Each structure stands twice: as structure tokens, then as C-alpha cells.
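Next come the chains, spelled out residue by residue.
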Amino acid sequence: MTTTPVHRRRADLQGLRALASLLVATSHIWFGNVSGGVDVFFAIGGFLLASSLIGEIERSGRVGVIAALWRQAKRLFPMAAIVLVVAGSIALVASGPLLLNRVAHDISAAATYRMNERLASTATDYLGAGLAKSEFQHFWAMSVQGQWTALCIVLIGLLAFALGDGAARRARSIAGALLGAAAVASFVYANQQIAIDPVPAYYDTLARSWELALGGFAALVLTRIPLAPIARAVMAVVGIALVLTAGMLPQHFAQPGAVTLWPVTGALLVLLAGHGADPGPVGRVLSWRPLVWLGGISYGLYLWHWPVLKGLVALDPAQGDGVGLVPGTLVLALSIALAWGSTRLIALASRPRPRESRSVPRLVPLLPAVATAAAVAIAIAPGIQERAIAAQAAAAPQPESPAQLQEWVAQSVSKPTAPMRGAVSGEAGQSSEWLVDECSTVDELELDACRYPAPPATHGREAWLVGDSQAVALAPGVRAALAGHADVQLLGREMCPFSSAPVVARELGDEAAACEEHIALVLELAAERRPDLVVITYGAWWVGDGYRHLGLDVGRRLAEGTLDLMRQLDALGVRSVWLDSAPPFAEMQECLDAVATDDDLATCIAPLDEEELRRHERMVETIAAGGGDLVDTLGWYCDVERRACPLIAGGVYTWADPHHISAPGAVQRVALLEDALLPRLRAEQAGRGVHVVDAPAPDAAPGG
């Protein structure tokens, strides 16, 4: 049996870890970019894991899989658990019952090493979301590395078993070849996935595996190449330069593609340069005692810095637009202090008690306990959250008449006012149908879950709400308006306007086919179930910058496609009515910042620009001229005469986010929805003339 040479403990490696953690923390605090620090961690992790596992095989001829997994748990679980307990408790209290479900799912995903999968499934853009991300989003990297580590331990353990007596002699070369092949395959896969959709590719373990596999390949194969001292010195200088400059690369280059080779190559050059030899000038700098100390708590620093930064922004929302030097330095210092304190706590908790001969990892079970508690919270969250959302919506001031709501809108344009105490926006302002029941996209499997009976007796009447995500956003108002008159079936699909217009396919691209299939499903179900009324609402405010490629007159073309589908419903004996959605409120965050800082609320008024107005008017004119039934809703949200839309009306946020009405905003418009929908619901199906109901504004013609 061959023996593995004993290598010195590398202080420079701890220094490299320190740099990686500082790169990640400072980029999040001040620059909002991808620093390459996580990629450095991946390269180091792959390098050390392969070295450790093959070293064990060369010493003993096998891998103790359970023991290896337990070592990883002892190293990783306690710190993660402490951060999740502290940050999770604060997040649950701060978010309240309105966001219980989301926070519990986030904690669960972080505690079970599935955060990367959760972020990929919710299409969270790592850069685009800025600071408006989960308190635990950074656990995605721990999830990727944890999944790779567990898989690698099991597979290399199986390799050692398969090689039998020859494992000690052959494991290094075979494992090195397999890791090299895995790195190439993963890199090819990563670039393919980036071309399809770069957002989920960013978190994909298979797409990220090449970074860890390449680290393992370097440890098993490249370390065997003899290097002259001058070569090592040059490699280290080039490597550290690549690591330190990775954050300066163009941020539009998709990760983890070719651009990710920059920090990974840099880390591997430093690792190879200092392997089994004098560390050289760069190695001696990285071995500087303060860096080595920081490297020892780098895992904690990585886990703590993001919740601390989120806490700063929660306490001082103005920091969300750019963290200042002093506040950012305080965030970094506090994160380091918490990392050190947590490390000390773990050491103290593991200290042997009397009659114990060795340390006991007492905090390891804490992470499974956190995961269990999160699972319980997930089970009870929907009921709690639904009641909280309903109470929030019910607490919103209700206008005594449609005219009063229009008066509130006009007053808010003349003199913007702050929201009432406890008013919510963002995710907390979304409807329970969206946030809890997940009815933003409804297919055949979700029909029953997204059908809402309206007691006491509806006599079998049924109203459908179709369109894109605007449909589920308006659902609380529609359900309240039709309560006792008709059951409500949600049948919308995100990013799917209810229109057969070619412009939809042009804008949606690859998603167009799924949208067309959904519309076909709606028509098929309509022929089968014959609902009494189909309410159509969608966004598609495809005008202005970013939509020039669609050409002029988008409103007319969208309306023609909607009119075509309305006629198909009419042919089935199904009545339909179109309600336009609220126009987008692009600069919503500026208003929220002004409210939080008691600043001027002028930013809480969004202009209704010429192109938006033209789009709305063309849709109204086209549907009306074609014999379609519609409700002109623009005056429900905006002072059309003054071409201005207030974010806050009657003390509540009308919008939950820049594109969707809030649940309180939808409920606030119940009287308008009753006037619009109840007469149509009761009407005879015979005859489908043009029925236009204007918003209750004085002299309010469509759009003007």
C-alpha cells in the first residue's frame, strides 16, 4: 500500500479564504456585483475535498462514507444553525404573519441545502433583485457545495469499494480522470443552460459542478507536475491578481460561464503555487496572521454578512439605494464580530465535560431541528397567512361609493398623502390567492384548488377570471364583489395575456407555445362548463422603452386578439367582459423610500404617459367597435384628466409592486366591481351588444 506524503498545514489557504469572504461581503455591501469570491470558495472546496478523500483511500484503502459525511456535518451545521436561528427569528417577527409562508420556506430550504433549487424555481435574478432578496438567499452557495460534497463522498467511496485491493494504488488517477471529465461536461452544460435561461443556470448544481470538479482535478493531477520556484512565484502573482480583479469583469457576462474561469483559475493558480513547497511572496502575504485569523472565521463571515446588511436596510431604507462608507464598515465589522462570537460559541458548546475524553459536537443536531421547525411552520402558515391577508385587506378604508374612490384618487394626485399605519406593499401586499394558494398559473391540476365557492347560495352560477398575473392580483376584489352571487374560478397564467394576437407570440418568444396551450385549455373548459361570465384582465403594457421592437399600435393589436377570443366564447354561449389592468408604477421604490424617511411624497405620483394612454384608448376603441363587452377601468387607478396615478389612495397602497395591484387595493374597488359585474352576471345570454361602463369620474371619456 502506498502512503500519502504528509503536507504542512497551509496558512496561505486560510488567507485565500479570508480574501474570498471579504470579496463577497464588500461586493454585496457597496458594489452590488458578482465578486468571484464564491467561485474561489468552490475551487478551494473541490481541491480540499478531493485531497482529503483520496488521501484517506491511499492511507486505508477505503473511504468511511458515514464518517466523512459526519465530519462535514460537524464542520458546517452548527454555524448555519446559529445564523438561521438568530436571523430567522428576527425575520419571522419583522415580516409578521403576512410573509410567514415565504420566510418558513426560505429557512427550510437553507437548512436542508436546497436554497439554490428554491431560487432557481422562483427565477430570482441574483443581480437584478438587488437588496430586495431573501435574508437567506446567500445559502444557495452552501447548498451547491453541500450537494456536491455529499455526492462526491458517496461516489468516491463507491469507487474505492469497486477498486478493492487496488484502490490505494489506482484511486488517484481514476478519480482525477473522472473529475476532469465531470468538469468538462459540467462546463458545457453550464453554457448550454445559460443560453436557454441564465437565471436558473446561476444556481444549478450541475452547472456549477465544474468549478468544484476542476478544483478536485487540480488537487489530484496538476499537483503532480513539478514546478520551479520562479514558476510558482509567477503563478501565485497571476492567480491573486485574477482573484482580486474578478469583480471588475463586465457584469452582463452570464455566470457560471466562461467568465467564471477568471476567479476559479486564479484560485487554482494560488493553490498549486503553494502546494508542497515554500509559499513564496504571495503565500507569505496570505499567511499574514490577521488574514489567517479571518480565514478561520470566513464561513461565519459569509453567512452573517447578508442578514446584517438586510437588517441595516430594514432600519434605514435609504441605504437600499447605496450603502454609505460608515454604515457599510459597521456592517462588515459587526459581521466579523458575529462570526467570531459564533465560532467561539461552537467551540465552547463542544468542549468536553467532566468524564468526557474528547469534544462533543453538541450543536450539530440544531440544524435538523431548525429544518423540522420550518416544516411545522410551513404546514400551519397558509391558514395563518390567509387570515392575515384578509384582515389587512378588510382594514383598508372602503369608499361609500365609486364616486368617493375617484375623489380619493384625485385628492391623492393633488396632495400626496402617507399611507395609513400598517399599510403594506411588496410581497406582503399580494393576494392570498397568489401568495398562499399559488393560483397565478392555473392548469387542469389546480382547477379545484383555485376555485372559490361563494356561500350562501350561488345557484350554480360561476364566474371565471382569466388573463395573466393581473387576474390573480384582482381576485380579492372580484371574489368580494360576487360573494353570494357566483363561485369564482381562477384560470390565469403568468405572462400570458388573453389574446391571440401575433404580437403576444413575438414578445413572449419561447413561452408563447405554453401561453397558446393555456388559452386553448380555457376555451375547451368553457365549452364543457359554460360559465356564466368570463372576466378578462391582463397587463401587457408593452409600450415605451424596451418595447420599440413591437412597433406602433400595440393596443389595437392586443385588443383584436382579445376580441377574437371573446367571439369564440360568445359562440359557445359564454358571456365575457374585458377589464384593463392598472398601468405600471415604474418608480414605486422611490415612493416607498420617501414614505420610510418622511420625505417629499411627490414620487408617489406616477405620470400616465402618452404611449400608455394611447395603448389603453386603442384597446377600448377596438373592443367596443368589434362588439365586445368592456369596462373602462383606467379611472379606477388614475386621474385620467390630469394623467397621473397615485400609489397611495384612501390610505392604502394601490400597487403591491410596480406591475400588480395590491390585495387591499383590489378590495378597495369592490363597489366598482359590483357595479361592473353583477348586472352582467344576471343578464340573459341572448344578445351581445356593446356594453361600456365608464369609471365613475365626471366627464370621463375613455382615456381622457
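Each remark here, short or long, concerns the structure printed above.
Rules used throughout
- All residue numbers refer to positions counted from 1 along the written sequence of the respective chain.
- Totals for whole chains, interfaces and linings use all residues, but because this is a predicted model, local features are given only for residues with pLDDT of at least 70 and pairs of side-chain atoms are given and counted only at 80 or more.
- As a rule here, side-chain values come from all non-hydrogen atoms in the structure, and water together with hydrogens is ignored.
- The helix and strand labels rest on DSSP assignments: H or I over at least four residues marks a helix, E over at least two residues marks a strand, and numbering proceeds from the N terminus.
- When accessible area is computed with a 1.4 Å probe and restricted to protein chains, residues below 20% of their type maximum are described as buried, those above 50% as exposed, and intermediate ones as partly exposed.
- With residues, only the protein chains shown are counted as cover, and all accessible areas are computed by Shrake-Rupley using a 1.4 Å probe.
- Each pair of strands is called paired provided DSSP finds at least two bridges between the two strands.
- With its strands directed away from the observer, a crossover is right-handed exactly when the path from the first strand over the helix to the second travels clockwise.
- Take a side-chain nitrogen of Lys or Arg and a carboxyl oxygen of Asp or Glu: if they are within 4 Å of each other, that pair is a salt bridge.
- We call two N or O atoms a polar contact when they sit within 3.5 Å, provided that within protein one can donate a hydrogen and the other can accept it, with sequence-adjacent residues counted only if both atoms are side-chain atoms.
- Should any heavy atoms of two residues lie within 4.5 Å, those residues are considered in contact.
- Whenever a pair of cysteine sulfur atoms sits within 2.5 Å, that pair is classed as a disulfide.
- One less than the number of residues in a helix, times 1.5 Å, gives the span that helix is expected to have.
- Patch criteria: residues need more than 30% relative accessible area and no salt bridge. Like-charged residues are merged within 9 Å; nonpolar side chains of Val, Leu, Ile, Met, Phe, Trp and Tyr are merged within 5 Å.
- Counted charges follow a simple rule, with Lys and Arg positive, Asp and Glu negative, and His plus the chain ends left uncounted.
- Where a charge lies is defined by one atom per residue type: Lys uses NZ, Arg uses CZ, Asp uses CG and Glu uses CD.
- Here, axes are lines fitted to C-alpha atoms. For helices the fit covers the stretch in contact, and angles between N-to-C directions go from 0 to 180 degrees.
- Note that the term roughly parallel is reserved for angles under 35 degrees, roughly antiparallel for angles over 145, roughly perpendicular for angles of 65 to 115, and oblique for everything else.
- Helix crossings get a hand from a simple test, with the near helix turned counterclockwise from the far one by less than a right angle marking a left-handed crossing and a clockwise turn marking a right-handed one.
- When residues are grouped by polarity, Ala, Val, Leu, Ile, Met, Phe, Trp, Tyr, Cys and Pro land in nonpolar, Asp, Glu, Lys and Arg in charged, and all others, Gly among them, in polar.
- Pairing of aromatic rings covers Phe, Tyr and the six-membered ring of Trp, with a centre-to-centre limit of 6.5 Å; geometry is then stacked below 30 degrees between planes, edge-to-face above 60, and tilted otherwise.
- In our convention, an over-ring charge means Lys NZ or Arg CZ found within 6 Å of a ring centre and within 35 degrees of that ring's normal.

Draft legend 1. Just the overall build of the protein, in detail. Scanning the protein for helices and strands turns up 27 helices and 13 strands. Along the longest, intermediate and shortest principal axes, the C-alpha atoms of the protein span 90 × 55 × 50 Å. In the protein, buried positions account for 55% of the 704 residues. For the protein, the computed accessible surface area is about 29,900 Å², with 61% contributed by carbon and sulfur atoms.

Draft legend 2. Highlighting the pairing of strand S3 (residues 487-490). Of the two faces of S3, both are covered, the one formed by Asp-487 and Gln-489 as well as the one formed by Val-488 and Leu-490. Two strands pair when backbone bridges link them, and strand S1 (residues 451-452) and S3 are joined in this way by two bridges, in the antiparallel orientation. Opposite Tyr-452, over in S3, you have Val-488 as the bridge partner. Two strands pair when backbone bridges link them, and strand S2 (residues 462-467) and S3 are joined in this way by four bridges, in the parallel orientation. Bridge pairing in S3 links Trp-464 to Gln-489. Running through helix H19 (residues 469-481), the crossover from S2 to the neighbouring parallel element S3 is right-handed.

Draft legend 3. Just the pattern of salt bridges, in detail. Within the structure shown, the criterion is met by 23 salt bridges. In this structure, the salt-bridge partner of Arg-172 is Glu-58, at a minimum N-O distance of 3.0 Å. Of this pair, Arg-172 sits in helix H7 (residues 167-196) while Glu-58 sits in helix H2 (residues 37-60), and the two are 114 residues apart along the sequence. The pair Arg-172 / Glu-58 is uniform in exposure class, with both members buried. With a closest N to O distance of 3.3 Å, Arg-548 and Asp-545 form a salt bridge. Neither residue differs from the other here; Arg-548 and Asp-545 are each classed as exposed.

Draft legend 4. The side chain of Ser-412, seen in detail. Mapped onto the secondary structure, Ser-412 falls in helix H17 (residues 402-414). What makes Ser-412 buried here is its relative accessible area of 5%. Engagement of the side chain of Ser-412 in a polar contact is seen with the backbone oxygen of Ile-648, the distance being 3.0 Å. Look past the residues within four positions of Ser-412 in its chain and what remains in contact with it is Thr-417, Ile-605, Pro-646, Ile-648, Ala-649 and Gly-650.

Draft legend 5. Region of interest: the state of the cysteines. One pass over the structure, following the stated rule, counts four disulfides. At a sulfur-sulfur separation of 2.1 Å, the disulfide partner of Cys-496 is Cys-515. Judged by the sign of its S-S torsion, about 85°, the cystine formed by Cys-496 and Cys-515 is right-handed. Highlighted residues: Cys-496 in the loop between S3 and helix H20 (502-508) and Cys-515 in helix H21 (residues 512-529), separated in sequence by 19 residues. An identical accessibility class is assigned to Cys-496 and Cys-515; each is buried. Residue pairing for Cys-638: its cysteine sulfur links by disulfide to Cys-645, the two sulfurs lying 2.0 Å apart.

Draft legend 6. Structural view of H7. Between the first and last C-alpha of H7 there are 41 Å, a value that for 30 residues agrees with the 44 Å anticipated at 1.5 Å per step. Within H7, burial applies to Ala-167, Ala-168, Ala-171, Arg-172, Ala-175, Gly-176, Leu-179, Gly-180, Ala-183, Ser-186, Ala-190 and Ile-194. Tucked into the core, H7 has its buried residues touching H2, helix H6 (139-163), helix H8 (198-203) and helix H9 (205-220).

Draft legend 7. Layout of a negative patch on the surface. The grouping of Asp-443, Glu-444, Glu-524 and Glu-528 at the surface amounts to a negative patch. Here Glu-444 is to be found in the loop between helix H18 (432-435) and S1. The exposure class assigned to Glu-444 is exposed, which follows from its relative accessible area of 53%.

Draft legend 8. Here's a closer look at the packing of helix H3 (residues 65-95) against helix H14 (residues 298-315). Closest axis-to-axis distance for the H3/H14 pair is 10 Å, and the angle between their directions is 15°. Viewed along their axes, H3 and H14 adopt a mutual orientation that is roughly parallel. Here H3 and H14 pass one another in a crossing that is right-handed. Seen from H3, the contacting residues are Arg-75, Leu-76, Met-79, Ala-80, Ile-82, Val-83, Val-86 and Ala-87; seen from H14, they are Tyr-299, Gly-300, Leu-303, Trp-304 and Pro-307. Of the residues contributing to the contact of H3 with H14, the split by class is eleven nonpolar, one polar and one charged.

Draft legend 9. View of a nonpolar patch on the surface. On the surface, Ile-66, Leu-69, Leu-151, Val-154, Leu-155 and Leu-158 cluster together to form a nonpolar patch covering roughly 550 Å² of accessible area. Put simply, the parts of the chain that give the nonpolar patch at least two residues each are H3 and H6. Of the residues forming the nonpolar patch, the biggest block, four residues, is contributed by H6. Here Leu-69 shows up in helix H3.

Draft legend 10. Just the environment of Leu-681, in detail. Inspection of the secondary structure puts Leu-681 in helix H27 (residues 670-682). It is 23 Å that separates the C-alpha atoms of Leu-681 and Pro-399, two residues lying 282 residues apart in sequence. The residues touching Leu-681, leaving out its near neighbours within four places in the chain, are Arg-461, Leu-482, His-485, Ala-486, Asp-532 and Leu-533.

Draft legend 11. Broad picture of the packing of aromatic side chains. Under the defined criterion, the tally for this structure stands at ten aromatic pairs. Ring geometry for Phe-187 versus Trp-210: centroids 5.1 Å apart, planes at 85°, classification edge-to-face. You can see Phe-187 sitting in helix H7 and its partner Trp-210 sitting in helix H9, a full 23 residues away along the chain. Here the aromatic residues Phe-42, Trp-140, Tyr-202 and Tyr-203 are joined through ring pairs into a cluster of three or more. Above the ring of Tyr-202, the side-chain terminus of Arg-208 is found at 4.5 Å from the ring centroid. Between the NZ or CZ atom of Arg-615 and the centre of the ring of Trp-541, over which it lies, the distance is 3.7 Å.

Draft legend 12. Structural detail: the environment of Leu-330. As for its placement among the helices and strands, Leu-330 is situated in helix H15 (residues 325-350). The exposed category is assigned to Leu-330, whose relative accessible area is 56%. Through-space distance from the C-alpha of Leu-330 to that of Leu-312 is 9.6 Å; in sequence the pair is 18 residues apart.

Draft legend 13. A look at the environment of Gln-392. Along the chain, the position of Gln-392 falls in helix H16 (residues 366-395). Classification of Gln-392 as buried rests on a relative accessible area of 16%. Put simply, Gln-392 and Ala-375 are 17 residues apart on the chain and 25 Å apart in space, counted from C-alpha to C-alpha.

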